[in-house]
Amino acid sequence: GCFVHVYRLLNDRLQFQHSTEVEDVPLALCEFQGRLLIGVGKTLRIYDLGKRKLLRKAENKGFPTLITGIKTVGDRIYVSDLMESVIFVKFRRSENSLVIFADDQNPRLMTSFANLDYDTIAGADKFGNVFVTRLPSAVSDDIDNPTGSQLLWDTGLLNGAPNKLETLVNFHIGETVTSLHKCALVPGGAEAIVYVTVLGSLGALLPSQTREDKDFFSHLEMHMRQEYQPLTGRDHMSYRSYFAPVKDVADGELCELFTSLPYETQQTIASDLDRSPGEVIKKLEDTRNRLL
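So, a few notes on the structure that sits alongside this text. (Residues numbered from 1 in each chain as written. Predicted model: local features only at pLDDT ≥ 70, side-chain atom pairs only at ≥ 80, totals over all residues. Heavy atoms only, no water.)

## Observations concerning helix α5 (residues 263-272)
Next up, step 1: Within α5, burial applies to T265, Q266, I269 and A270. Down the axis of α5, the buried set is contained in an arc of 130°. They therefore lie on one face.
Next up, step 2: At its buried positions, α5 is contacted by α2 (211-227) and α6 (277-291).
Next up, step 3: Positive backbone phi, at 60°, marks D274, one or two positions downstream of α5. (Buried < 20%, exposed > 50% of the residue type's maximum accessible area, 1.4 Å probe, protein only. Helix = DSSP H or I, 4+ residues; strand = E, 2+ residues; numbered from the N terminus. Arc of directions from axis to C-beta. Contact = heavy atoms within 4.5 Å.)

## Observations regarding the side chain of R108
Next up, step 1: Locating R108 in the fold gives a position in the loop between β10 (97-103) and β11 (110-115).
Next up, step 2: Look past the residues within four positions of R108 in its chain and what remains in contact with it is D81, L82, M83, E84, S85, D125, F131, T167 and N170.

## Structural notes on the sheet that holds strand β9 (residues 86-92)
Two orientations exist for strands paired in a sheet by backbone hydrogen bonds: parallel and antiparallel.
Next up, step 1: Spatial strand order, β7-β8-β9-β10-β14: five strands in an open sheet with mixed pairing. The two strands at the open ends of the sheet, each matched to only one other strand, are β7 (67-73) and β14 (163-164).
Next up, step 2: By the bridge criterion, six bridges tie β7 to strand β8 (residues 76-81) in an arrangement that is antiparallel. Paired with G69 across the two strands is S80, which belongs to β8. (Pairing = 2+ DSSP bridges.)

## Considerations on the packing of aromatic side chains
Aromatic rings considered in pairs are described by the distance between their centres and by the relative angle of their planes.
Next up, step 1: Using the criterion set out here, one finds seven aromatic pairs in the structure.
Next up, step 2: Taking 5.0 Å as the distance between ring centres and 85° as the angle between the ring planes, the aromatic pair formed by Y78 and F88 counts as edge-to-face. Highlighted residues: Y78 in strand β8 and F88 in strand β9, separated in sequence by ten residues. We note that Y78, like F88, is buried.
Next up, step 3: An angle of 80° between the planes, with centres 5.0 Å apart, marks the rings of F216 and F217 as edge-to-face. With respect to class, F216 is no different from F217; both count as buried.
Next up, step 4: These aromatic residues form a ring-pair network of at least three members: Y78, F88 and F101.
Next up, step 5: Here the guanidinium or amino end of R76 rests over the ring plane of Y118, the centre of that ring lying 4.0 Å away.
Next up, step 6: The aromatic ring of F131 is capped on one face by R108, whose charged end is 3.9 Å from the ring centroid. (Phe/Tyr/Trp six-rings, centres within 6.5 Å; stacked < 30°, edge-to-face > 60°. Lys NZ or Arg CZ within 6 Å of the ring centre and 35° of its normal.)

## Remarks on the pattern of salt bridges
Next up, step 1: One pass over the full model with this rule turns up 19 salt bridges.
Next up, step 2: Two residues, K182 and E191, come together in a salt bridge whose shortest N-O distance is 3.6 Å.
Next up, step 3: Owing to a relative accessible area of 46%, E191 belongs among the partly exposed residues under this scheme.
Next up, step 4: Notably, a salt bridge pairs D251 with R240, separated by 2.9 Å at the nearest N-O pair. With D251 in the loop between α3 (236-240) and α4 (252-255) and R240 in helix α3, this pair connects stretches of sequence that are eleven residues apart.
Next up, step 5: Note on R240: relative accessible area 7%, which makes it buried.
Next up, step 6: Linked through salt bridges whose partners overlap, the residues forming this network are E23, R45, R56, E59 and K61. (Salt bridge = Lys/Arg side-chain N within 4 Å of Asp/Glu carboxyl O.)

Laid out in structure tokens, this is it:
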């Protein structure tokens, strides 16, 4: 069988309290309002601390395959499933129940995810893709349900939750991401989505400050795709869109190769961007300095 062990930190040492047997592998644990959230197989369960073992308080057995990660903000719980991306859950205190109210319409084999804000999640899957998905602004988890009937919540869409998340960003990195966080790398630096991969790479997705920045990098990337051909002859766009079409991400690694181009080519690209080659290089350096 599988067990959840509870320890207490006492005088800088861990003191064993008790263990609780569960029927499946608990792959995810998270503190939730003074209680413990556990993903036991495909069941999400809330436990309270007892004297001899953990006490079961609420559960939901409606998850698709296997719960691999749990995060919480207030009464909202974000659950990653082994094969079905991210699922949004609401803890209804009055009914002491866990209700699934939104999920992703794209199946993803999740490896890591992080909260960007209350409605937005950044995640990564087993095949080297990073994505950002958001709950539509028209959707609320605070729907008034005076009847107390579960029918309001159980009305699914496409064999899933009643509401679907919107995909904002798709990008293929090419290596399996093992951890992903929203953070600033230096004090006073810009916040970014920082990820590490199974092969030891460290990367970041930095949000554009203005629409002008977004247009600049999109056009620079477009020119670089034409001027800087990879040795293998593989199309850059098809690579970054290996599993899903790349969406709203400019490849910074490709853009930074601008400095390695011949000066005449730099002048041609810069003139199409209404800038000089020096201004393009300075823009690239300023963007790097925002992060580092």
